[in-house]
Amino acid sequence: MAGLYAVVTSRTDGRALTASRRLAEDMCLLPWQKADVPSPHSANVMLGSITNRKPNDHPEAFVYRDENVSCVLEGYLVRSMTDGGINALIDAGRFAEAAALAYLIHGASFAEFLEGPFTVAIHDNPGRRLVVANGRFASSHLYLSRCDEGFVACTMLGPMGACGMFRPNFNEEALGHVLIYGIVLGRDTLLDGVEAIEPGTIGVVELDAMNLSLRRYWSFGDMGGHKRGQSLKQHAAEVGDTLVAAAKRVTRRPGRYVSGLSGGLDSRLVTALATRCDPDMKIWTYGTPDSADMTTASRISAHLGRDHLRFLSDPERTPRHAAMYSTTVDGCVTAEFAFRLERTNELMDSADIVLNGFAGDAILGGSMLGPRLRILVDNIKQRNLRGRDVVSPFLSANTHPTTIAGYVASKYDYPSQLHRVLTHKPETMSARVLRDVRAMDGDVPMELRAEQWIFDNRVTRWTLMGVLSDRHYYSDGSL
């Protein structure tokens, strides 16, 4: 499950087939990957799925076709909130067929009823439409380009730009953000005219009119505001129950599980929960031998009685893997961590599914354990702890767009020295955060806008990319 694509053209001149062939070839990065392209219902629409030929990656799990509907899915499903036979297909690992059945039952809103990290494309031939969607927690980035004569949706940016459906040009604003902050922001990508669709989004292409509509069906606003009047014990119990249920669902797939443990809060929670579900699970950590991460992870592994696989970080190996790493992360984050692929190659021999902490910084509230020290120090230095525009060191106390943006910027707005030499000066992160936070009016409560921005940017555009660099070697099980 290394990716998918969908190509739509307005003319039956073979252009969709040509683009499909290029995508199928270019998206297979490694010898064990193969493209599965279901027979098209129409010469105007082509779908494709890229799968790893590994023991737990079966092509029939990610591709489905009948006389009316074709479906390709990347990622996996854990359950459906309605049934009608959908959950039985999910339990059998037939994820694409389950998504197709959900579409037949619910129509274009089908993704709202599915849970799991997934990206999916469905061609409804009788209904004359293509539907693309992703889960609330995306499995991969879903890139979308509106071309002169059609549309391309794809989970890999490089092959998408080379498929021939449009002329790729650099987006200078996005490139500036990568060079300065090491990350692309919002829906921008490195290519002009190509956008990264947010998690929890459904897109519908009406094939007769060749128009596209996008609708985000889930954001942090759908969780409601913060609950009032609950004690810390009640909050912890509620979060704990949710995480235990998630751990049970995410470890249901067959295969050898290994959990990444850095020693931080996210990975401790994931590893501790998963060891309760899988008695044979191993633990891995990378870092220097005497680093805090390695020391802490070793102690936790010994306490849990689990094998601890240690991989030494070595930045000198970065040049060796930079090209492949940049390809797997779409060039959207810097290549400084390319040495990780050394660990990925070694870990591949002992892992089918690797568990990763994901979105804890957003879902668990960022600085949930105390105040943001940098802000606290700045406030003390300025001796100005009151006023509407003063950023509070406590996340929940910031209830104005300016202070929310100030809090988020205190965590992430650390520009590199490259900003001094760039001829094109992109928008600063602080300014971008403020603009994005203000744009959430009517959708996200004020007290959740910091988490929403962190989720859409730092989590989806950064953490997810790190996971994607591994997905070509083994399956991911983020929690």
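Anything mentioned here points back to the structure above.
Every value quoted in this text rests on a predicted model; they were computed, and no experiment measured them. (Residues numbered from 1 in each chain as written. Predicted model: local features only at pLDDT ≥ 70, side-chain atom pairs only at ≥ 80, totals over all residues. Heavy atoms only, no water.)

J.: Could you give an account of the overall build of the chain, with specific residues and numbers?
T.: Check the secondary structure of the chain and you find 15 helices and 19 strands. Computed over its C-alpha atoms, the radius of gyration of the chain comes to 22 Å, within 12% of the 23 Å expected for a compact globule of 479 residues. Counting all 479 residues of the chain, 52% fall into the buried class. Contacts in the chain between residues far apart in sequence, at least 24 positions, make up 66% of those at least 6 positions apart. Accessible surface, the chain as shown: approximately 20900 Å² in total, 52% of it carbon and sulfur. (Helix = DSSP H or I, 4+ residues; strand = E, 2+ residues; numbered from the N terminus. Rg over C-alpha atoms; globule rule 2.2 N^0.38 Å. Buried < 20%, exposed > 50% of the residue type's maximum accessible area, 1.4 Å probe, protein only. Contact = heavy atoms within 4.5 Å. Areas by Shrake-Rupley, 256 points an atom, 1.4 Å probe, with all protein chains shown as cover.)

J.: For helix 13 (residues 401–412), give the residues involved together with the corresponding values.
T.: With 12 residues, helix 13 extends 16 Å between its outermost C-alpha atoms, agreeing within 8% with the 16 Å of an ideal straight helix rising 1.5 Å per residue. Across the 12 residues that make up helix 13, a large majority, 10, are buried. For helix 13, the set of buried residues is Pro-401, Thr-403, Ile-404, Ala-405, Tyr-407, Val-408, Ala-409, Ser-410, Lys-411 and Tyr-412. (Expected span 1.5 Å × (residues − 1).)

J.: Please give an account of the pattern of salt bridges that cites residues and values.
T.: With the rule as written, the count across this model stands at 24 salt bridges. Its salt-bridge partner being Glu-97, residue Arg-94 comes within 2.8 Å of it at the nearest N-O pair. Exposure remark for Arg-94: the relative accessible area of 36% places this residue in the partly exposed category. Linking Arg-432 and Asp-188 is a salt bridge whose minimum nitrogen-to-oxygen distance equals 3.4 Å. Here Asp-188 lies in the loop between helix 5 (172–181) and strand 12 (194–197) and Arg-432 lies in helix 14 (residues 429–438), a separation of 244 residues in the sequence. One salt-bridge network, in which partners are shared between bridges, spans Arg-11, Asp-13, Arg-15 and Glu-149. (Salt bridge = Lys/Arg side-chain N within 4 Å of Asp/Glu carboxyl O.)

J.: Lay out the pairing of strand 13 (residues 201–206) in plain terms, naming residues and giving numbers.
T.: The buried count for strand 13 comes to 5 of 6 residues, which makes it a mostly enclosed element. Across 5 bridges, strand 9 (residues 129–134) lies against strand 13 in antiparallel orientation. Counted as the bridge partner of Val-132 is Gly-203 from strand 13. Pairing of strand 13 with strand 14 (residues 211–216) involves 6 bridges; the strand directions are antiparallel. Among the inter-strand pairings, Ile-202 is bridged to a residue of strand 14, identified as Arg-215. If you look at the hairpin formed by strand 13 and strand 14, you'll find 4 residues sitting between the two strands, and Met-210 has a positive phi there, around 50°. (Pairing = 2+ DSSP bridges.)

J.: Tell me about the nonpolar core, residues and numbers included.
T.: The biggest cluster of nonpolar side chains holds 114 residues, and the ones touching the most others in it are Leu-73, Phe-110 and Val-120. Per-element tally for this core: the top contributor is helix 15 (residues 449–471), with 9 residues. Not counting residues within four places of it along the chain, the set of residues in contact with Phe-110 comprises Ala-99, Ala-102, Tyr-103, Val-120, Ile-122, Val-131 and Ala-133. By size, the runner-up hydrophobic cluster in this structure holds 18 residues, among which are Val-8, Ala-121, Leu-142 and Phe-151. (Core = buried A, V, L, I, M, F, W, Y, C linked by side-chain atoms within 4.5 Å.)

J.: Could you give me a rundown of the sheet that holds strand 5 (residues 69–75), with the residues and numbers involved?
T.: Strand order in the open sheet made by the 6 strands is 4-5-8-9-13-14, with antiparallel pairing throughout. Looking at the sheet topology across the chains shown, the edges are occupied by strand 4 (63–65) and strand 14. Across the sheet, the axes of successive neighbouring strands diverge by a mean angle of 10°, strand direction being ignored. In this fold helix 3 (residues 95–106) packs onto strand 4, strand 5, strand 8 (118–124) and strand 9, with an angle of close to 125° to the strand it touches most, strand 5. (Axes fitted to C-alpha atoms, helices over the stretch in contact; angles between N-to-C directions.)

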